[in-house]
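An overview of the molecular structure
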Amino acid sequence: MTTTTSPQDVLAAADQALGVLSGLPSRAVAGASREEWCAALAVLQQVVDVATAVQDEAIVAVAALEPQWAEDGTLVEVREPFGHVALDAPSIVSGVLNVSAVHAERRVRDAVRRAADGAEGSASCTGLGGLHAAMREGRLDGYPAQVVAYELEEVPAPVAETVVASLQEWFEVEDGSHLRRRARRLLARISPDLLRQRAVRAREASGLRRWVDEPGVDTWLGTFPSEEACTAWAAIDALAQQYVADGVCSRIDRARAKALTDLVTSNATIDVQVVLTTPVEGGSVPASAAGAGINGFAVTAADPSENAAVGVAGRAATDLVQVDTGRAGEPLLVERGWLERAVAATAITGRDRVGRPRILACDTGTGAPVDPDGDLTTSAYRPSPRLATFVRARDRHCRFPGCAVAARYCDLDHVRPYPAGPTSSLNLVCLCRRHHRIKQRPGWRVTLHPDATMTWTDPTGRTRTTHPPDQLHPIALPDAGTDPPPPEPGNPSLVLPDGPHSALEHHLEHHPETVWTCRVHLTRPRVRMTLDTLPTRRPRRRPSSAPEAPPF
């Protein structure tokens, strides 16, 4: 990195490049050859690579600045050597680039390792400077550079420098996957112990993550030790093959998914509790809510006397209805029959003294749970167990923009320091330990509004607002049969004439103020392991004279 480059130089060059590229006509020239357009595509990729390298240098410069209070009470910035990373640098970068907190941390780490490679033998030497130089020359894309840097993580700098130098001739001709394999082969020849140590670290870091993906389904991502994964996969595949043979599932991949969940749930006791949410009217729960009998998944507060579930009559048990969960993320679509059984179980095992599912009051604007009467407020510094449970259920995750750390792992922070700020739901939020410390750094300002929205202002003046998970307003309603038909084949137009409105449009127009939804809370299961129930080998099929079609 040159010492003469200034932000003004970068801004001037970027403005010039943006002006030239954005000034080009938006329509392609007819009659140009494929070779000509491919040459233009390659040059544009070089522009992207060089811009990414310069962006890395800017990230390194931002990370090296530490805010400090001067003796006269003013806030000054102290420049540390390149390679230093300030605690709040990733949080500032996440606001500039509009990326999540995790992505910003990785971005800062990768930029510092590549663009701030120090002199040989120094503490900041990483051996990855060749990656940054190749990006600066337009020969290496940011993603392959990230892949190679990941393979060389925790590798001694001289070894990393040797591997990068050996890969130079392949930067312009191979993708990230091939570069990863070449890096591993080189490491295996240079020092097999490095790969062995990496395998040990990877096995210790194995785990399972889950998030809501497409409507109605979840995505799981797991990494397991190889021998455990081998036996578990054999059990899942054996049961899946049986499901296909019995006609339970038509596809082998769907059968494996069902086999996995069946094997897990058969060895654990799960307590499902349904919570109904209702809007707060005038600062308190509507009186009609206390006497409303709940026999299904949703009722309208406008007419609670009907004491019936909306849409239960004439609906199949396999119809998909929307619920919310105790986790952060989008609402789920589940089968109606499953939800009705969960409501029935909640009426028996729930905490309501008269046998009804619990009712939770929510803000009419944001849909966040509220404490309308202030019953949970305490004069002590530490919140009561009920208040802590309420705040964690309201926030569900760290309230810093883009952070997804679950509330159970977060601190409960007083937005206004105690005792100036009360210990109440209006002054407590969930913050992970990193962002709890960042909130206390010089230059950061945080405001928690009465509707539970939270405004963050970073030292550069950028302002972002985080919203609590909406537990009141559904984003979709069951299809009532009034939605327009899909476009005909050959006419995939997305522009439809103004005709009959869908159930969602009709409901939002005529009943925008009173909507009940339900939230399903899964408590921690009590696991009963029965290893003898797991099949250990694939069952043999009986020979048949007629050939069978493959089950996939």
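Keep in mind that what you see is a predicted model, and the values were worked out from it rather than measured.

Some points on the overall build of the protein
- Counting its secondary structure elements, the protein contains 16 helices and 16 strands.
- In the protein, which comprises 552 residues, the proportion classed as buried is 35%.
- For the protein, the proportion of contacts with a sequence separation of at least 24, taken over those separated by at least 6, is 57%.

Focus: the pattern of salt bridges
- In this structure the tally under the stated criterion is 24 salt bridges.
- The partner of glutamate 151 in a salt bridge is arginine 184, and the shortest N-O contact between them spans 2.9 Å. Residue glutamate 151 is found in helix H6 (residues 142–151), and its partner arginine 184 is found in helix H8 (residues 176–190); the two are separated by 33 residues along the sequence.
- By relative accessible area, which is 2% here, glutamate 151 ends up buried.
- Accessibility expressed as a relative area gives 39% for arginine 184, which makes it partly exposed.
- Members of the salt-bridge network, linked through shared partners, are Glu151, Arg180, Arg184 and Arg198.

Description of H6
- Most of H6 sits out of view: seven of its ten residues are buried.
- Those residues of H6 not exposed but buried are Gly142, Pro144, Ala145, Val147, Val148, Ala149 and Glu151.
- For H6, the secondary structure elements touched by its buried residues are helix H2 (34–63), helix H4 (101–115), helix H5 (129–136), helix H7 (157–167), H8 and helix H9 (192–204).

Remarks on the confidence of the model for the protein
- Averaged over all residues, the pLDDT of the protein equals 78, while 75% of them reach at least 70.
- Per-element confidence in the protein ranges from a low mean pLDDT of 38 for helix H12 (residues 287–290) to a high of 96 for strand E13 (residues 454–457).
- Within the model, the stretch residues 491–508 combines pLDDT values under 50 with 19 contacts to residues more than four positions away or in other chains.
- In this model, residues 522–552 is a region of pLDDT below 50 whose contacts with residues beyond four sequence positions or in other chains number 38 contacts.

Structural notes on the sheet that holds strand E14 (residues 463–466)
- Spatially, the three strands line up as an open sheet ordered E12-E13-E14, and their pairing is antiparallel. At either margin of the open sheet sits one strand with a lone partner, and together these are strand E12 (445–448) and E14. If you compare each strand with its neighbour and ignore which way they point, the axes differ by 15° on average.
- Two strands pair when backbone bridges link them, and E12 and E13 are joined in this way by four bridges, in the antiparallel orientation.

Quick word on the pairing of strand E10 (residues 411–414)
- In E10, alternate side chains face the same way, and those of Asp411 and Asp413 on one face and Leu412 and His414 on the other are all buried.
- Looking at chain direction, E10 and strand E11 (residues 428–431) are connected through four bridges and run antiparallel. Opposite aspartate 411, over in E11, you have leucine 431 as the bridge partner.

Observations concerning the environment of leucine 87
- Turning to its location among the elements, leucine 87 is positioned in the loop between strand E2 (75–79) and helix H3 (89–97).
- As for leucine 87 and arginine 437, which are separated by 350 residues in sequence, their C-alpha atoms are 8.5 Å apart.
- If near-sequence neighbours (up to four positions away) are discounted, leucine 87 is found in contact with Glu66, Arg434, Arg437, Ile438 and Arg441.

Here's the deal with a nonpolar patch on the surface
- Judged by side-chain polarity, Leu21, Leu24, Val43, Leu44 and Val47 come together as a nonpolar surface patch covering roughly 420 Å² of accessible area.
- Here valine 47 is to be found in helix H2.

Some remarks on the nonpolar core
- By size, the foremost hydrophobic cluster in this structure holds 26 residues, and its most contacted members are Val391, Cys398, Met454 and Trp456.
- Looking at this core, the elements that each hand over two or more residues are helix H14 (385–395), E11, E12 and E13.
- When neighbours within four sequence positions are excluded, valine 391 is seen to be in contact with Leu412, Ser425, Leu428, Val429 and Cys430.
- Residues Ala53, Ala134, Leu152 and Val155 belong to the second largest nonpolar core, which totals 22 residues.

Concerning H2
- Helix length check: H2, at 30 residues, gives a terminal C-alpha distance of 43 Å against a target of 44 Å (1.5 Å per residue), a fit within 8%.
- Every buried residue belonging to H2 is among Asp49, Thr52, Ala53, Asp56, Glu57, Ile59, Val60 and Ala63, and all of these are buried.
- Its buried side turned inward, H2 meets strand E1 (65–69), H3, H4, H5 and H6.

What counts and what doesn't
Residues numbered from 1 in each chain as written. Predicted model: local features only at pLDDT ≥ 70, side-chain atom pairs only at ≥ 80, totals over all residues. Heavy atoms only, no water. Helix = DSSP H or I, 4+ residues; strand = E, 2+ residues; numbered from the N terminus. Buried < 20%, exposed > 50% of the residue type's maximum accessible area, 1.4 Å probe, protein only. Contact = heavy atoms within 4.5 Å. Salt bridge = Lys/Arg side-chain N within 4 Å of Asp/Glu carboxyl O. pLDDT = per-residue confidence, 0-100. Pairing = 2+ DSSP bridges. Axes fitted to C-alpha atoms, helices over the stretch in contact; angles between N-to-C directions. Patch = residues over 30% accessible without salt bridge, like charges linked within 9 Å, V, L, I, M, F, W, Y side chains within 5 Å. Areas by Shrake-Rupley, 256 points an atom, 1.4 Å probe, with all protein chains shown as cover. Core = buried A, V, L, I, M, F, W, Y, C linked by side-chain atoms within 4.5 Å. Expected span 1.5 Å × (residues − 1).

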